[in-house]
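If you want the building blocks of each chain, they are given just below.
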Amino acid sequence: MTDFVAWWDDPADGPANMAADEVLAAEAVRQNRPLVRVYRWSAVTFSLGAFQPIADAWNEVAIASLPLVRRPSGGGGLVHGSDLTYAVAVPRDHPWGGTPQVLYDVFHEALVAVLRERGIPARLHPGRASKQDDESRLFCFDRRARGDLVAGGSSTDGYKLLGSAQRRLKAAVLQHGSLLLRSPPRVGSAAAHPGLLDLFPPAQDWSEAELVAAWLSQAGESTGLRPFHEAGGFAAGHAAAIAAAAARFQDLAWLRRR
């Protein structure tokens with residue numbers, strides 16, 4: 001079993017980040033192993049799931065001032081800018097690329113373990129009885145799916161801190177996830193979900209690098225894999241391919257495809 005490689009990339013805009021993740025998927029197939037990219041966004045941005053109607057975003061006043069990008073992955077919409085985003089790409093025949101829930105659980109269970117070790121009462125949500133109601137909600141952090149990472153709160157729903165969504169390509173699986181660190185700026189109340197550092201101030205003592213390193217190490221532990229943190233960014237090493245792929249995510253036809 002091969003190890004997996006992880007990069008911490010510099011912040012980028014929406015089209016560049018989505019293009020980098022598609023290139024990551026192609027590279028995972030070429031290398032025949034899981035690859036992970038952790039990154040931030042250069043501007044507060046709303047990413048729409050691949051199958052969400054663009055009209056839902058246009059009609060939501062809480063995000064009216066934000067640039068929009070459509071992800072290649074499904075799921076609900078996300079406000080980026082105060083989160084840590086990760087993308088993991090795995091070949092379809094890798095153990096992590098089996099059923100969709102397998103890859104969700106690898107990364108969500110790992111972060112639950114890391115947070116609980118640090119005194120944060122994190123847990124996996126069992127999923128709501130009516131999925132149809134959840135799928136009609138614009139914002140990912142208003143939804144609750146089986147395996148979502150939640151913490152605190154007075155009900156089973158708790159506060160959602162990590163959600164993920166997938167796109168199952170011909171030869172690879174691409175999964176996006178967003179760990180909300182703080183309530184996002186420049187949004188209305190409907191989009192102002194509280195984050196990890198808002199809810200649990202002691203978490204401010206951890207560096208993001210320490211948190212991510214512990215998270216990825218834990219993610220590999222269940223299958224005997226070790227994360228190898230590659231020096232330099234993934235995007236910097238694949239600039240030409242990413243620039244070519246970004247054109248599609250900049251195209252209004254892609255944004256308005258639904």
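Here, every reference points to the structure presented above.
The sections below set out a description of the structure shown in this document.

Comments concerning the pairing of strand 2 (residues 35–39)
Here comes step 1: Burial within strand 2 is extensive, with five of its five residues counted as buried.
Here comes step 2: Because side chains alternate across strand 2, one face comprises the buried residues Leu-35, Arg-37 and Tyr-39, and the other comprises Val-36 and Val-38, equally buried.
Here comes step 3: In this sheet, strand 2 lies alongside strand 1 (residues 4–8) in parallel orientation, the contact comprising four bridges. From the neighbouring strand, Trp-7 faces strand 2, where its bridge partner is Arg-37.
Here comes step 4: The parallel pair strand 1 and strand 2 is bridged by helix 1 (residues 14–31), and the resulting crossover is right-handed.
Here comes step 5: Alignment of strand 2 against strand 6 (residues 83–91), held across five bridges, turns out to be antiparallel. Along strand 6, the bridge assignment pairs Arg-37 with Ala-87.

Quick notes on the side chain of Asp-148
Here comes step 1: In this structure, Asp-148 sits in the loop between helix 4 (131–135) and strand 8 (149–151).
Here comes step 2: Asp-148 gets classed as buried once you look at its relative accessible area, which sits at 5%.
Here comes step 3: Only 2.7 Å separates the side chain of Asp-148 from the backbone nitrogen of Ala-145, close enough to count as a polar contact.
Here comes step 4: Looking at Asp-148, its side chain comes within polar contact range of the side chain of Lys-160, at 2.9 Å.

Observations concerning the environment of Pro-11
Here comes step 1: Along the chain, the position of Pro-11 falls in the loop between strand 1 and helix 1.
Here comes step 2: Sequence spacing of Pro-11 and Leu-111 is 100 residues, and the spatial spacing of their C-alpha atoms is 22 Å.
Here comes step 3: Apart from residues no more than four positions distant in its own chain, Pro-11 is found in contact with Arg-40, Trp-41 and Ser-42.

Regarding unusual backbone geometry
Here comes step 1: Even without a glycine there, the phi angle at Asn-32 is positive, about 60°.
Here comes step 2: Locating Asn-32 in the fold gives a position in the loop between helix 1 and strand 2.

Some points on the sheet that holds strand 3 (residues 45–48)
Here comes step 1: Strands sit in the order 4-3-5 across an open sheet of three strands; the sheet is mixed. In this open sheet, the two strands that pair with only one neighbour each are strand 4 (68–70) and strand 5 (78–80). The average undirected angle you get between the axes of adjacent strands in this sheet is 30°.

Some thoughts on the pattern of salt bridges
Here comes step 1: Scanning all chains against the criterion turns up twelve salt bridges.
Here comes step 2: Put simply, Glu-208 and Arg-40 hold a salt bridge, and the shortest N to O gap is 2.5 Å. Placement of Glu-208 in helix 6 (residues 208–221) and of Arg-40 in the loop between strand 2 and strand 3 is noted, with a sequence separation of 168 residues between them.
Here comes step 3: Taking relative accessible area as the criterion, Glu-208 reaches 30% and is therefore assigned partly exposed.
Here comes step 4: Between Arg-128 and Asp-157 there is a salt bridge, and its shortest N-O distance comes to 2.9 Å. Within this pair, whereas Arg-128 is found in the loop between strand 7 (122–124) and helix 4, its partner Asp-157 is found in the loop between strand 8 and strand 9 (159–168), the two being separated by 29 residues in sequence.
Here comes step 5: Residue Arg-128 is classed as partly exposed on the basis of its relative accessible area of 24%.
Here comes step 6: Looking at Asp-157, the relative accessible area reads 23%, which means it is partly exposed.
Here comes step 7: Beyond isolated ion pairs, a larger network of salt bridges with shared partners links Arg-128, Asp-134, Arg-137 and Asp-157.

Here's the deal with the side chain of Ser-47
Here comes step 1: Residue position: Ser-47 is located in strand 3.
Here comes step 2: A distance of 2.9 Å separates the side chain of Ser-47 from the side chain of Arg-71, its partner in a polar contact.

Quick word on the packing of helix 1 against helix 8 (residues 239–250)
Here comes step 1: At a closest axis distance of 8 Å, the pairing of helix 1 and helix 8 adopts a crossing angle of 120°. Relative to helix 8, the element helix 1 lies oblique. Like other packed secondary-structure pairs, helix 1 and helix 8 cross with a definite hand, here right-handed. For the pair formed by helix 1 and helix 8, the contact residues are Pro-15, Ala-16, Met-18, Ala-19, Ala-20, Glu-22 and Val-23 on the first element and Ala-241, Ile-242, Ala-245, Ala-246, Arg-248, Phe-249 and Gln-250 on the second.
Here comes step 2: Of the residues contributing to the contact of helix 1 with helix 8, the split by class is eleven nonpolar, one polar and two charged.

Conventions used here
- Residues numbered from 1 in each chain as written.
- Predicted model: local features only at pLDDT ≥ 70, side-chain atom pairs only at ≥ 80, totals over all residues.
- Heavy atoms only, no water.
- Buried < 20%, exposed > 50% of the residue type's maximum accessible area, 1.4 Å probe, protein only.
- Helix = DSSP H or I, 4+ residues; strand = E, 2+ residues; numbered from the N terminus.
- Pairing = 2+ DSSP bridges.
- Right-handed = clockwise from strand over helix to strand, strands pointing away.
- Polar contact = N/O pair within 3.5 Å; in protein donor to acceptor, adjacent residues only side chain to side chain.
- Contact = heavy atoms within 4.5 Å.
- Axes fitted to C-alpha atoms, helices over the stretch in contact; angles between N-to-C directions.
- Salt bridge = Lys/Arg side-chain N within 4 Å of Asp/Glu carboxyl O.
- Parallel < 35°, antiparallel > 145°, perpendicular 65-115°, else oblique.
- Left-handed = near helix turned anticlockwise from the far one by under 90°.
- Nonpolar A, V, L, I, M, F, W, Y, C, P; charged D, E, K, R; others polar.

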